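Residues per chain, in single letters:
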Amino acid sequence: MEFEPFKIKVVEPIPITTKEYRLKKLEEAHYNLFLLRSDDITIDLLTDSGTGAMSSKQWSALFDGDEAYAGSRSYFKFEEVVQKITGFKHVIPTHQGRAAERIVFSILGGKGKLIPSNTHFDTTRANIEFTGAQAFDFPSPISFRTDEIADFKGNMDLERLEDFLRSHSREEIPLVMMTVTNNSGGGQPVSMENIRRTSELAKKYGIPFFIDCCRFAENAYFIKMREPGYADKNVMEIAHEMFSYADGCLMSAKKDGLSNTGGFIATNLDELARRARDLLIITEGFVTYGGLARRDLETLAVGLLEALDEKYLEYRINQVRFLGNKLVEKDVPILLPIGGHAIYLDAKRFAPHIPPEQFPGQSIACEIYIQGGVRTVEIGSLMFGKDGDGQRELRPPFELVRLAIPRRVYTNNHLQYVADVVGEVYRNRDKLRGMKITYQTQFLRHFTAHLEYI
Ligand code: F0G
């Protein structure tokens with residue numbers, strides 16, 4: 001498809017600022033792009049989470065929200081759609097993904113527990129570590145080679161997983177997880193075969209298997225495009241098969257729910273669901289709304305199905321590829337192949353003169369903002385360079401800058417502009433300078449840290 005499979009009904013002007021203004025604002029924000037005001041940003045590629053545009057069907061569904069505290073009709077619509085897609089019996093709404101994580105890991109985590117995944121997202125890891133448990137990543141080895149093309153670089157390293165499962169007791173490992181697509185590993189998809197084999201390993205060792213499924217529709221589309229045997233299946237069937245191998249899932253519906261907020265836990269495990277509902281009531285809200293307005297459940301019931309529309313998915317994946325190809329044309333080093341929801345600049349190759357401990361990704365992200373008012377996010381030593389008790393500096397395998405594309409928000413003209421801005425920063429890459437942290441917190445420091453140039 002050469003064009004967007006929608007027309008635009010509502011528009012929002014975007015701020016256009018000067019370089020001098022942006023320099024001042026960035027200094028005031030202590031060189032942390034999370035601390036900028038969105039009014040000072042021209043194109044916001046910080047995240048694809050909760051930043052998408054809703055359809056007219058979703059906006060009209062909002063009005064149909066039944067705001068009953070208990071037993072809301074909107075919940076039952078939402079439950080039916082989630083069950084249809086995932087096949088799971090229990091559907092527990094939460095206000096976003098990390099609320100689902102906090103609830104599940106409060107039950108299954110704790111001191112001495114070990115939770116493996118292909119790659120945990122930052123909030124997932126933080127929620128695991130916050131309970132005293134440890135999070136382990138076993139991404140496939142090819143994922144570290146950022147310029148090597150492969151179909152499913154998001155896969156789990158099954159050998160390392162099996163070694164791990166073999167060398168610990170079942171009591172120590174409450175859960176095996178899988179993130180699809182693998183966000184922190186570059187937005188790369190996971191194959192059906194890898195999901196199935198991970199599930200088989202988990203079963204062999206008697207451990208429940210959960211999918212972190214916030215980009216399940218994009219993952220299903222990649223399976224359709226790339227995995228033998230799936231070209232003629234529709235993405236709903238593929239998604240259904242993905243979930244059929246798991247005992248449950250944690251979802252941030254701010255991504256492939258095509259909504260601005262929301263999440264859920266869905267599972268077949270009765271006892272876990274019972275305990276999760278108990279905790280939900282204490283901190284999120286009653287079991288038929290979980291911290292959401294009931295109208296939000298309406299938008300999700302529509303959005304989750306729209307996300308599985310193949311015309312939409314084709315447009316979505318093509319748009320991300322459009323930006324990636326423009327950058328490749330300018331020789332900008334990016335993680336290949338191009339993933340599902342974002343382009344990842346390879347900061348190690350982009351600015352090889354800045355060592356990891358001086359945050360090359362953050363230096364590039366700051367310069368992209370100064371150059372063109374485009375906000376991106378560092379995924380490297382700033383985001384992941386610290387362990388859970390905040391004591392040790394770690395060296396993550398990647399130094400990346402993510403350009404996440406909100407769903408149905410920007411046109412390819414906007415992305416052409418982004419490519420020109422990044423291209424200009426790359427042309428002047430020798431002038432990029434290393435940075436140091438002047439203030440940080442114990443968990444998830446990248447959200448609030450202060451930095452300055454060395
Ligand atoms: N899991 C994955 C794979 C995610 O990408 C995110 C959020 C979460 C869990 C947590 O969900 O934000 O609703 O609480 N990712 C966003 C991002 C923030 O920018 O990639 P949440």
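Structure's up top.
What you see is a predicted model; the values in this text were computed from it and never measured.

Colleague: Now, about the sheet that holds strand 12 (residues 400-404): what can you tell me, with residues and values included?
Modeller: With antiparallel pairing, the three strands of this open sheet are ordered in space as 9-12-11. Each of the sheet's edge strands pairs with one partner strand only, and the pair in question is strand 9 (342-346) and strand 11 (377-379). Strand-to-strand, the axes of this sheet are offset by a mean angle of 35°, without reference to chain direction. Judged from the five bridges that link them, strand 9 and strand 12 form a sheet pairing that is antiparallel. When the sheet's bridge partners are listed, Ile343 is paired in strand 12 with Leu403. Across the sheet, helix 14 (residues 360-372) lies against strand 9, strand 11 and strand 12, angled at about 40° from strand 12, the strand it touches most.

Colleague: So what's going on with unusual backbone geometry? Which residues, and what values?
Modeller: Cis geometry marks the peptide bond from Val180 to Thr181; its omega dihedral reads -25°. Within the secondary structure layout, Thr181 lies in the loop between strand 5 (176-179) and helix 7 (192-204). The linkage connecting Leu336 with the following residue, Pro337, adopts the cis geometry, with an omega of -5°. Within the fold, Pro337 resides in the loop between helix 12 (310-329) and strand 9. Backbone geometry places His30, a non-glycine residue, at a positive phi of 55°. Mapped onto the fold, His30 is located in the loop between helix 1 (19-28) and strand 1 (43-44). You can call His30 partly exposed: its relative accessible area is 32%. Even without a glycine there, the phi angle at Phe359 is positive, about 55°. Residue position: Phe359 is located in the loop between helix 13 (347-350) and helix 14. Relative accessible area serves as the criterion here: at 5%, Phe359 is assigned to the buried category.

Colleague: If you had to explain the packing of helix 4 (residues 97-108) against helix 10 (residues 270-283) to someone new, which residues and values would you point to?
Modeller: Between helix 4 and helix 10, the shortest axis-to-axis distance is 9 Å and the interhelical angle comes to 125°. The angle between helix 4 and helix 10 places the two elements in the oblique class. Judged by the twist between their axes, the crossing of helix 4 over helix 10 is right-handed. From helix 4, Arg102, Ile103, Ser106, Ile107 and Leu108 reach across to helix 10, where they touch Leu272, Arg275, Ala276, Leu279, Leu280 and Thr283. Residue classes in the contact of helix 4 with helix 10 are distributed as seven nonpolar, two polar and two charged.

Colleague: Please give an account of the sheet that holds strand 6 (residues 209-212) that cites residues and values.
Modeller: Across the sheet, which stays open at both edges, the five strands sit in the order 2-8-7-6-5 with mixed pairing between neighbours. Each edge of the open sheet is held by one strand with a lone partner, namely strand 2 (90-94) and strand 5. Sheet twist, expressed as the mean angle between neighbouring strand axes with direction ignored, is 15°. Strand direction decides the pairing type here: strand 6 and strand 7 (residues 248-252), joined by three bridges, are parallel. Bridged to Asp212 within strand 7 is Leu250.

Colleague: Let's hear about the packing of aromatic side chains: which residues, and what values?
Modeller: Given two aromatic rings, their pairing is described by the distance between the two centres and the angle made by the two planes. In total, this model carries 17 aromatic pairs according to the counting rule given. Arranged with centres 6.0 Å apart and planes meeting at 80°, the rings of Phe88 and Phe243 form a pair that is edge-to-face. In this pair, Phe88 sits in the loop between helix 3 (73-86) and strand 2 while Phe243 sits in helix 9 (residues 235-244), placing the two residues 155 residues apart along the sequence. By relative accessible area, Phe88 is classed as buried at 2%. Feature note: the residues Tyr75, Phe76, Phe78 and Phe264 constitute an aromatic cluster, connected by ring pairs.

Colleague: Any chance you could break down helix 11 (residues 294-306) for me, citing the residues and the numbers?
Modeller: Taking 1.5 Å of rise per residue, 13 residues should cover 18 Å, and helix 11 covers 19 Å from first to last C-alpha, within 8% of that figure. Counting buried residues in helix 11 gives ten out of 13 residues, a clear majority hidden from the surface. Those residues of helix 11 that sit buried are Arg294, Asp296, Leu297, Glu298, Thr299, Leu300, Ala301, Gly303, Leu304 and Glu306.

Definitions and limits used
One numbering rule holds for all chains: residues counted from 1, following each sequence as written. The predicted nature of this model means local features are confined to residues of pLDDT at least 70 and side-chain atom pairs, given and counted, to a pLDDT of 80 or more, with totals for whole chains, interfaces and linings taken over all residues. Values reported for side chains reflect all heavy atoms of the structure, with hydrogen atoms and water molecules removed beforehand. Only strands joined by at least two bridges in the DSSP assignment are considered to pair. The helix and strand labels rest on DSSP assignments: H or I over at least four residues marks a helix, E over at least two residues marks a strand, and numbering proceeds from the N terminus. Helix axes are fitted only over the stretch in contact, all axes being lines through C-alpha atoms; the angle between N-to-C directions runs from 0 to 180 degrees. In what follows, residue pairs with any heavy atoms lying within 4.5 Å of each other are defined as contacts. When accessible area is computed with a 1.4 Å probe and restricted to protein chains, residues below 20% of their type maximum are described as buried, those above 50% as exposed, and intermediate ones as partly exposed. Each angle receives one of four descriptions, namely roughly parallel if under 35 degrees, roughly antiparallel if over 145, roughly perpendicular if within 65 to 115, and oblique otherwise. Left-handed describes a crossing in which the near helix is turned anticlockwise from the far one by less than a right angle; the clockwise case is right-handed. In this classification, Asp, Glu, Lys and Arg are treated as charged, Ala, Val, Leu, Ile, Met, Phe, Trp, Tyr, Cys and Pro as nonpolar, and every other residue, Gly included, as polar. Each pair of aromatic rings taken from Phe, Tyr and Trp, with Trp reduced to its six-membered ring, is defined by centres within 6.5 Å and is described as stacked if the planes are under 30 degrees apart, edge-to-face if over 60, and tilted in the remaining cases. Expected span of a helix: the number of residues minus one, times 1.5 Å.

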